[in-house]
Amino acid sequence: MNKLLYMIVALAAGAIGLLAFQQANVLPKPEHALYYKEARDIKPFQLTDHHKQAFTQAQLANKWSWVFFGYTSCPDVCPTTLQELNFIYDDLKAISQDTQILLVSVDPKRDTPEKLAQYIAYFHQEFIALTADHGVLFPFARNLGLMYAINEAKNGAENNYLVDHSASLVLINPQGKIAAIFKPKQALGVLPTVDGEKLVSDFAKIVKLAE
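Procedures and definitions
Residues numbered from 1 in each chain as written. Predicted model: local features only at pLDDT ≥ 70, side-chain atom pairs only at ≥ 80, totals over all residues. Heavy atoms only, no water. Salt bridge = Lys/Arg side-chain N within 4 Å of Asp/Glu carboxyl O. Helix = DSSP H or I, 4+ residues; strand = E, 2+ residues; numbered from the N terminus. Buried < 20%, exposed > 50% of the residue type's maximum accessible area, 1.4 Å probe, protein only. Axes fitted to C-alpha atoms, helices over the stretch in contact; angles between N-to-C directions. Parallel < 35°, antiparallel > 145°, perpendicular 65-115°, else oblique. Left-handed = near helix turned anticlockwise from the far one by under 90°. Contact = heavy atoms within 4.5 Å. Nonpolar A, V, L, I, M, F, W, Y, C, P; charged D, E, K, R; others polar. Phe/Tyr/Trp six-rings, centres within 6.5 Å; stacked < 30°, edge-to-face > 60°. Arc of directions from axis to C-beta. Polar contact = N/O pair within 3.5 Å; in protein donor to acceptor, adjacent residues only side chain to side chain. Pairing = 2+ DSSP bridges.

Colleague: Talk me through the pattern of salt bridges; I want residue IDs and the actual numbers.
Modeller: One pass over the full model with this rule turns up six salt bridges. With a closest N to O distance of 2.6 Å, Glu-114 and Lys-52 form a salt bridge. Taken together, the positions of Glu-114 in helix H3 (residues 113–123) and Lys-52 in the loop between strand E2 (46–49) and strand E3 (54–56) put the pair 62 residues apart, joining distant regions of the chain. With relative accessibility at 46%, the residue Glu-114 sits in the partly exposed group. Between Glu-126 and Lys-93 there is a salt bridge; the shortest N-O distance is 3.7 Å. Of this pair, Glu-126 sits in the loop between H3 and strand E6 (128–131) while Lys-93 sits in helix H2 (residues 77–95), and the two are 33 residues apart along the sequence.

If you want it as structure tokens, here you go:
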């Protein structure tokens, strides 16, 4: 009887020890991002960067890529988001040195590579600005779970228009797949922007989960 009792106690202790070991080794999950446990595929695409060089899936390989859709004439969300990315860029690089920031222009009519080069350099010399025609941009945006729409020109001026676009950031992993989407805070009367501290915190967790 004592032997049986000893075996039961030993088995119970072993089970508790295993559970404690498993709990200690469970990695924390992202708290703020829409995180895909199974990363989503990205269909083939070809954009043009602000140096007039082709940018395809090959440029996503072996890097963590942050993708933001915007345009140089954007009055609020774009400069605010890019400035926030500039503020936390060193923190992102500290988590993974292989990190790149990509601005995809949704206004190819006005955003020439030359204009994009001047604009993106204001925020950080390492940031990359990309463009393409709408035939490429629309399916690329849908693939990433983002959206944009050109508004009608104001006062009859052909180039006086705004572009509605997502304020979210898409994180692409080093395998060139969508790992997560970071959505902005939404509040009445408040500019929708992504919280930099939360983004850095979740990025560290996502990179750890990928190791």
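Structure shown, so let's carry the discussion forward.
Colleague: Give a detailed account of the packing of H2 against helix H5 (residues 196–210), specifying residues and quantitative values.
Modeller: Geometrically, a packed helix pair is captured by the angle between its two axes and the distance between the axes. Contact geometry of H2 with H5 gives a least axis separation of 10 Å together with a crossing angle of 20°. The angle between the axes of H2 and H5 places the two elements in the roughly parallel class. Handedness of the H2/H5 crossing: right-handed. Residues Glu-84, Ile-88, Asp-91, Leu-92 and Ile-95 of H2 touch H5, and the partners they reach there are Gly-196, Leu-199, Val-200, Phe-203, Ala-204 and Val-207. Of the residues contributing to the contact of H2 with H5, the split by class is eight nonpolar, one polar and two charged.

Colleague: Tell me about the packing of aromatic side chains, and name the residues and values.
Modeller: Inspection of every chain in the model, using the stated rule, returns nine aromatic pairs. Between the aromatic rings of Tyr-119 and Phe-123, the centroid separation amounts to 5.2 Å while the plane-to-plane angle is 70°, which identifies the pairing as edge-to-face. Pair noted here: Tyr-119 and Phe-123 are both in helix H3, with a separation of four residues, about one helical turn. This pair shows no difference in class: Tyr-119 is buried, exactly as Phe-123 is. An aromatic cluster is present here, built from Trp-64, Trp-66, Phe-182 and Phe-203 joined pairwise through their rings.

Colleague: So what about helix H4 (residues 134–144)? Which residues, and what values?
Modeller: Buried within H4 we find Leu-137, Phe-140, Ala-141, Asn-143 and Leu-144. For H4, the arc enclosing every buried residue in end-on projection is 160°, short of the 170-degree limit, so these residues lie on one face. The exposed set on the far side of H4, more than 90 degrees from its buried face, consists of Gly-135 and Arg-142. Taking the backbone nitrogen of Gly-135 as reference, a side-chain oxygen 3.0 Å away marks Asp-133 as the first, capping residue of H4. Backbone geometry just downstream of H4 places Gly-145 in the positive-phi region, at approximately 80°.

Colleague: Pulling in residues and values, what's your account of the pairing of strand E9 (residues 169–172)?
Modeller: Along a regular strand, successive side chains alternate from one face of the sheet to the other. Burial along E9 is two-sided: Leu-169 and Leu-171 facing one way and Val-170 and Ile-172 facing the other are all buried. Two elements, strand E4 (residues 64–70) and E9, share four bridges in a ladder whose sense is antiparallel. When the sheet's bridge partners are listed, Val-67 is paired in E9 with Val-170. Two elements, E9 and strand E10 (residues 178–182), share four bridges in a ladder whose sense is antiparallel. Its bridge partner lying in E10, Leu-169 is registered against Phe-182. Hairpin connection of E9 to E10: five residues between the antiparallel strands, including Gly-176 at a positive phi of 75°.

Colleague: Break down the sheet that holds E6 for me, with residues and values.
Modeller: Ordered in space as E1-E10-E9-E4-E5-E6-E2-E3, the eight strands form an open sheet in which the pairing is mixed. Looking at strand neighbours, the two that pair on one side only are strand E1 (34–40) and E3, the edges of this open sheet. Across the sheet, the axes of successive neighbouring strands diverge by a mean angle of 30°, strand direction being ignored. H4 contacts E1, E2, E4, strand E5 (99–105), E9 and E10 of the sheet and is inclined by roughly 120° relative to E4. With respect to the sheet, H5 is in contact with E1, E4, E5, E9 and E10, its orientation differing from that of E4 by roughly 140°.

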